Amino acid sequence: MNRRRPLDAPAWLKASLILIALGYIAVVILLPLAAVFTEAFASGLPAWLEAVSEPDAQAAIKLTLLVAAISVPLNCVFGVAASWAVAKHDFPGKSLLVSLIDLPFSVSPVVSGLVYVLLFGAGGWLGPWLQENDIQIIFALPGIVLATVFVTFPFVARELIPLMQAQGRDEEEAALSLGATGWQTFRKVTLPNIKWGLLYGVLLTNARAMGEFGAVSVVSGHIRGETNTMPLHIELLYNDYNLSAAFAVASLLAGLALITLVLRTILEWRHGDELVAGGH
Amino acid sequence: MTIEVRTVSKTFDGHSALRQLSLEIPDGTFVALLGPSGSGKTTLLRIIAGLAYADNGAILFDGDDVTSIPVQQRNIGFVFQNYALFRHMTVAENITFGLDVMKRRVRPRKQDRLARVEELLSLVRLEGLGQRYPTQLSGGQRQRVALARALARKPRFLLLDEPFGALDAKVRQELRSALRTIHDQLGLTSIFVTHDREEAFALADRIAILNNGQIEQFDSPDAINAAPATDFVRDFLD
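The structure presented is a predicted model; accordingly, all values stated were derived computationally and were not measured. (Residues numbered from 1 in each chain as written. Chains lettered and ligands numbered in written order. Predicted model: local features only at pLDDT ≥ 70, side-chain atom pairs only at ≥ 80, totals over all residues. Heavy atoms only, no water.)

*Asks:* I'd like to hear about the overall build of chain B, residue by residue, with values.
*Replies:* The helix and strand inventory of chain B stands at eight helices and ten strands. For 238 residues, the compact-globule estimate of 2.2 N^0.38 gives 18 Å, and the C-alpha radius of gyration of chain B, at 18 Å, lies within 12% of that figure. Dimensions of chain B, computed from the C-alpha atoms along their principal axes, are close to 55 × 40 × 35 Å. In chain B, once contacts between residues fewer than 6 apart in sequence are set aside, the share between residues at least 24 apart is 67%. Carbon and sulfur atoms provide 45% of the accessible area of chain B, an area that totals close to 10700 Å². Here chain B contributes 30 positive and 29 negative side-chain charges, whose respective centroids are spaced 9 Å apart. (Helix = DSSP H or I, 4+ residues; strand = E, 2+ residues; numbered from the N terminus. Rg over C-alpha atoms; globule rule 2.2 N^0.38 Å. Contact = heavy atoms within 4.5 Å. Areas by Shrake-Rupley, 256 points an atom, 1.4 Å probe, with all protein chains shown as cover. Lys, Arg positive; Asp, Glu negative; His and termini not counted. Charge placed at Lys NZ, Arg CZ, Asp CG, Glu CD.)

Now the structure itself:
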């Protein structure tokens, strides 16, 4: 049988398309990633260890983990609440809420950061009041967390809304008709049905929360050892021409991203059917 | 258990689903709500269940006004067209759900709950399938599980929304007679929604024919056949 199926391209075309795609991935993704790790270990393991254990780097790592540890749970709760409201209920203004959830995706991160400076900064709307009461938001942890929360808040909701809409309301109605309270219904029926999608959304949120540069850069103030997160610290080291240290910290951040990627792939592989409904 | 629907109206987005509809269902009867799509039969069933609320009018169970009582406290059994089984629970967990969520002080003991599961599995003739998951069952088996689950709390009556709609003809036939047998065994007042004339006439003691949010006729199958009350009923039966 020499006949091709209608959608089959000739072999030479297929092969060259695959080669082009692989080459593109190699140049755009694999090469830079390899460069990060080679540069990071160019001066050997001791130098790498020294670069990541130096006090300012340690402070940046701790701050990044702390910011993620605060903003990921916040967005997890918010995302679940918002998707539950949108997918399982009808109310006026629902489509407006859905558009608002997407807003951080369409706004440049720098603008998101600036908004908080305008609100809470020394010359901002709430600035004088905050100063009188000795509350520091901009150039401090609260500002960094706020900016991170803003930038990462669509991830969980975006993942869950299509999933929950595809699952419909039947099971919830069944639970209610069987005498379950609203909370029991949520805990025993809704939550177990979305757990893998939720975990997936949390991973995406976490990856972005640790890697966010633009918005955090505006509100952080770049105080070494105090308000520098890992991405900001990498930029500082780079600007100081301390390339090997910059790459060492960068390799750590890239490593965290790679772990996220591996977990994501495992999730997709194990629970792909459930996640498909979420549009990924 | 008698059910009384008193001048109930319901509007969706300016479109009337039910208009001043009244209906009285005597104790122990097996009633079909029959009508074309859009006639309001599912809306009526959901309002009786408490899954939707009427704009006007009242619902009475045994003379008690339950109009503003939420679905959880109405103690009804509801069977959905698409089964609505909890996909992450086994058959046994599905059936016992209604008992598990009861307040501790009124909840039966664990062994009693398990015994109830076995009893219901044998009632719907699914003995030994308690540990399966819904996806491992056929459509007919899933609907039997849904039926068992709805009966677990010994509801005051049973409401079924197009219970055979998603099944093929042979399974439908089987499940129909199973449902009728169970109804006769338990003597439970039951209402089922259908758009299938033949099904309504084969199964029900009394049929309410709905059109355009109103009841055209509510009578026994024989009486409807003998004397259709309106032109609509006559046309619908032809």
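*Asks:* Give me the overall build of chain A: which residues, what numbers.
*Replies:* Tallying secondary structure elements over chain A gives 13 helices and zero strands in all. When the elements of chain A are put in sequence order from the N terminus, they spell out α-α-α-α-α-α-α-α-α-α-α-α-α. In terms of principal-axis extent, the alpha carbons of chain A reach across some 70 × 60 × 30 Å. A separation threshold of at least 6 residues defines the contact pool for chain A, and within that pool the share at least 24 residues apart is 72%. On chain A, roughly 15200 Å² of surface is accessible, and the fraction owed to carbon and sulfur atoms is 69%.

*Asks:* Got a sec to walk through the environment of Ala85 of chain A? Specific residues and values, please.
*Replies:* All names here are of chain A. When you line up the elements, Ala85 lands in helix H3 (residues 55–88). For Ala85, a relative accessible area of 22% corresponds to the partly exposed category. Along the chain, Ala85 and Leu163 lie 78 residues apart, while their C-alpha atoms are 13 Å from each other. (Buried < 20%, exposed > 50% of the residue type's maximum accessible area, 1.4 Å probe, protein only.)

*Asks:* Before we move on, could you go through the pairing of strand S10 (residues 214–219) of chain B and cite the residues and values that matter?
*Replies:* Two strands pair when backbone bridges link them, and strand S9 (residues 206–211) of chain B and S10 of chain B are joined in this way by five bridges, in the antiparallel orientation. The partner of Leu210 of chain B across the bridge, within S10 of chain B, is Ile215 of chain B. (Pairing = 2+ DSSP bridges.)

*Asks:* Go over the sheet that holds strand S4 (residues 56–61) of chain B with me, naming the residues and quoting the values.
*Replies:* Residue and element names in this part refer to chain B. Read from one edge of the open sheet, four strands run S2-S1-S4-S5, paired in antiparallel fashion. Edge positions in the sheet fall to strand S2 (15–25) and strand S5 (64–65), since each of these pairs with one other strand and no more. Across two bridges, the pairing between S4 and S5 is antiparallel. Directly across from Phe61, in S5, lies its bridge partner Asp64. Packed onto the sheet, helix H1 (residues 41–49) meets strand S1 (3–12), S2 and S4 and runs at close to 120 degrees relative to S1. (Axes fitted to C-alpha atoms, helices over the stretch in contact; angles between N-to-C directions.)

*Asks:* For the interface of chain B and chain A, give the residues involved together with the corresponding values.
*Replies:* Taken together, the contact pairs 20 residues of chain B with 18 residues of chain A. Approximately 1700 Å² of surface area, both sides summed, lies buried where chain B meets chain A, with 59% of it carried by carbon and sulfur atoms. Between chain B and chain A we count two salt bridges in total. Two residues, Arg87 of chain B and Glu171 of chain A, come together in a salt bridge whose shortest N-O distance is 2.7 Å. (Buried area = accessible area lost by both parts, 1.4 Å probe. Salt bridge = Lys/Arg side-chain N within 4 Å of Asp/Glu carboxyl O.)

*Asks:* Kindly report on the sheet that holds strand S3 (residues 30–34) of chain B, identifying the contributing residues and their values.
*Replies:* Residue and element names in this part refer to chain B. The strand order S6-S7-S8-S3-S9-S10 describes an open sheet built from six strands, whose pairing is mixed. The sheet is open, and its two borders are formed by strand S6 (77–79) and S10, each paired with just one other strand. If you compare each strand with its neighbour and ignore which way they point, the axes differ by 15 degrees on average. Its contacts with the sheet put H1 on S3, S6, strand S7 (157–161), strand S8 (189–194) and S9, and the angle it makes with S7 is roughly 150 degrees. Packing against the sheet, helix H4 (residues 139–151) makes contact with S6 and S7, and its axis sits at approximately 165 degrees to S6.

*Asks:* An account of unusual backbone geometry is requested, with residue identities and associated values reported.
*Replies:* Residue and element names in this part refer to chain B. Of note in the backbone geometry, Asp62 takes a positive phi value of approximately 50 degrees without being a glycine. One can find Asp62 in the loop between S4 and S5. Phi is positive for Asn75, which is not a glycine, with a value near 50 degrees. Locating Asn75 in the fold gives a position in the loop between S5 and S6. The exposure class assigned to Asn75 is partly exposed, which follows from its relative accessible area of 26%.

*Asks:* Talk me through the pattern of salt bridges; I want residue IDs and the actual numbers.
*Replies:* All names here are of chain B. Throughout the structure, instances matching the rule amount to 21 salt bridges over all chains. We note a salt bridge from Arg116 to Glu119, for which the minimum N-O separation is 2.9 Å. Of the two residues, Arg116 and Glu119 are both situated in helix H3 (residues 110–123); the distance of three residues between them amounts to about one turn of the helix. For Glu119, a relative accessible area of 44% gives the class partly exposed. Ionic contacts of the salt-bridge type, sharing partners, join the residues Arg172, Arg176, Asp196, Glu198 and Glu199 into one network.

*Asks:* Can you explain the environment of Tyr238 of chain A? Please cite residues and give values.
*Replies:* Residues and elements named next belong to chain A. Here Tyr238 is to be found in helix H12 (residues 230–239). Separated by 230 residues in the primary sequence, Tyr238 and Asp8 place their C-alpha atoms 49 Å from one another. With near-sequence residues (within four places) excluded, Tyr238 lies in contact with Leu243 and Ala246.

*Asks:* Which residues make up the side chain of Thr189 of chain B, and what values go with them?
*Replies:* Residue and element names in this part refer to chain B. Here Thr189 lies in strand S8. Take Thr189: its relative accessible area is 1%, and that puts it in the buried class. In terms of polar contacts, Thr189 uses its side chain to reach the backbone carbonyl oxygen of Met1, at 2.9 Å. (Polar contact = N/O pair within 3.5 Å; in protein donor to acceptor, adjacent residues only side chain to side chain.)

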